[in-house]
Amino acid sequence: MIRIPSWACRLFSNDQNRVLRLRSMEVNKTIKVCREILIDWEKYVILDTETTGLTEKDVIIQIAIIDLNGNELVNTNVRSIKAKRISKEATEVHGINTNMLRFAPSFGEIIDDIYKLSKNKIFLIYNAEFDGRMLKQTCYYNNLNSFNIRAICIQKLYSIFKGEWSEYYNNYKFQKLPNSSHNAKGDCLATLNLIKKIAKNDFTILPEEKYTIFGKKINLF
């Protein structure tokens, strides 16, 4: 069933065909993007992190990167050079505590692996804005030069696909990652499975859009 956001219903209240058409085009686009990702799978990697918290002072304490065959490229806990307290709320979510990081590599020891992938891969990330910010913050607090990555936010794609509208934010509601384990590698695999799930959907056949010219209805599409 195609969900119709309230903004579309208001904008085209007298033309339900156009409302359905606009929404169907959005859903079809998300399916198309996921199918293209799977076809050109060698261009992409999936990244996920776990962190000390959510603020501008928090850093990465676990990171994983996989390819689209599910092969592990990076998967490690991360010890921060500058001691960072892990918030109680964060530990309750991912289960990581300071003792678990005592013998983990520093971010400086693994950053080259991430940097090399960034040169020729596009990163697929569930909430790319958050993980991108955490990468930069972790570089900063470890006295490392940060770098840009090319990323596609799978959370935004999935939110459009689901179609649950937020009147407050005037946008689609962000969806939680289905089957999240709150473990970096586990969530990479969950993101991969979600991409495959979206790609398996059939395209929606768009309803005809008709316009009246000189008293006659004609199809433009």
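Residues numbered from 1 in each chain as written. Predicted model: local features only at pLDDT ≥ 70, side-chain atom pairs only at ≥ 80, totals over all residues. Heavy atoms only, no water.

Draft legend 1. Spatial organisation of the pattern of salt bridges. According to the stated counting rule, one finds five salt bridges in the structure shown. Residue E36 pairs with K32 through a salt bridge whose shortest N-O separation is 2.6 Å. With E36 and K32 both in helix α2 (residues 16–39) and four residues apart, the pair spans about one turn of that helix. Using a relative accessible area of 35% as the deciding quantity, one classes E36 as partly exposed. (Salt bridge = Lys/Arg side-chain N within 4 Å of Asp/Glu carboxyl O. Helix = DSSP H or I, 4+ residues; strand = E, 2+ residues; numbered from the N terminus. Buried < 20%, exposed > 50% of the residue type's maximum accessible area, 1.4 Å probe, protein only.)

Draft legend 2. Representation of the pairing of strand β1 (residues 44–51) in the model. Along β1, eight of the eight residues are buried, which leaves the element largely enclosed by surrounding structure. Both faces of β1 are covered, namely the face carrying Y44, I46, D48 and E50 and the face carrying V45, L47, T49 and T51. When β1 meets strand β4 (residues 122–125), the two strands line up parallel, connected through four bridges. Note on β4: the bridge partner recorded for I46 is L124. Bridge count between β1 and strand β2 (residues 60–66): six bridges; the pairing is antiparallel. Of the residues in β2, the one forming a bridge with T51 is I60. (Pairing = 2+ DSSP bridges.)

Draft legend 3. Geometry of the nonpolar core. Judged by nonpolar contacts, the single largest core of 25 residues is most densely connected at I46, L124 and I154. If you list the elements that add at least two residues to this core, you get α2, β1, β2, β4, α6 (154–162) and α7 (184–199). Sorting elements by how many residues they give to this core places α7 first, with eight residues. Not counting chain neighbours up to four residues away, the residues in contact with L124 comprise I37, Y44, V45, I46, L47, L68, I152, I154 and I195. Of all hydrophobic cores here, the second largest spans 21 residues; its members include I60, I63, L117 and A128. (Core = buried A, V, L, I, M, F, W, Y, C linked by side-chain atoms within 4.5 Å. Contact = heavy atoms within 4.5 Å.)

Draft legend 4. Local environment of unusual backbone geometry. Positive phi values are uncommon outside glycine, yet N127 reaches one of about 80°. Not every positive phi belongs to a glycine, and N170 is a case in point at roughly 55°. Within the secondary structure, N170 sits in the loop between β6 (165–166) and β7 (171–172).

Draft legend 5. Inspection of the side chain of H94 at higher detail. Here H94 lies in helix α3 (residues 88–94). By relative accessible area, which is 13% here, H94 ends up buried. Reaching out from H94, the side chain makes a polar contact with the backbone nitrogen of I96 at a distance of 3.0 Å. If sequence neighbours within four positions are ignored, H94 has contacts with E50, T51, I61, I86 and H182. (Polar contact = N/O pair within 3.5 Å; in protein donor to acceptor, adjacent residues only side chain to side chain.)

Draft legend 6. Quick peek at the pairing of strand β3 (residues 72–77). As judged from the five bridges shared by β2 and β3, these two strands associate in the antiparallel manner. Within the sheet, the bridge partner assigned to I63 lies in β3 and is T76. Once β2 ends, the chain turns through five residues before running back antiparallel as β3, passing G70 with a positive phi of about 85°.

Draft legend 7. Fine view of the confidence of the model for the protein chain. In this model, the protein chain carries a mean pLDDT of 88, and residues with pLDDT of at least 70 account for 84%. Segment residues 211–221: pLDDT under 50, and 15 contacts once partners within four positions in sequence are set aside and those in other chains are kept. (pLDDT = per-residue confidence, 0-100.)

Draft legend 8. View of the sheet that holds β2. Reading across from one edge, β3-β2-β1-β4-β5 is the order of the five strands in this open sheet, with mixed pairing throughout. Edge strands, defined here as strands with exactly one partner in the open sheet, are β3 and β5 (151–153). Strand-to-strand, the axes of this sheet are offset by a mean angle of 25°, without reference to chain direction. The sheet contacts of α6 involve β4 and β5, and relative to β5 the element is tilted by about 30°. (Axes fitted to C-alpha atoms, helices over the stretch in contact; angles between N-to-C directions.)

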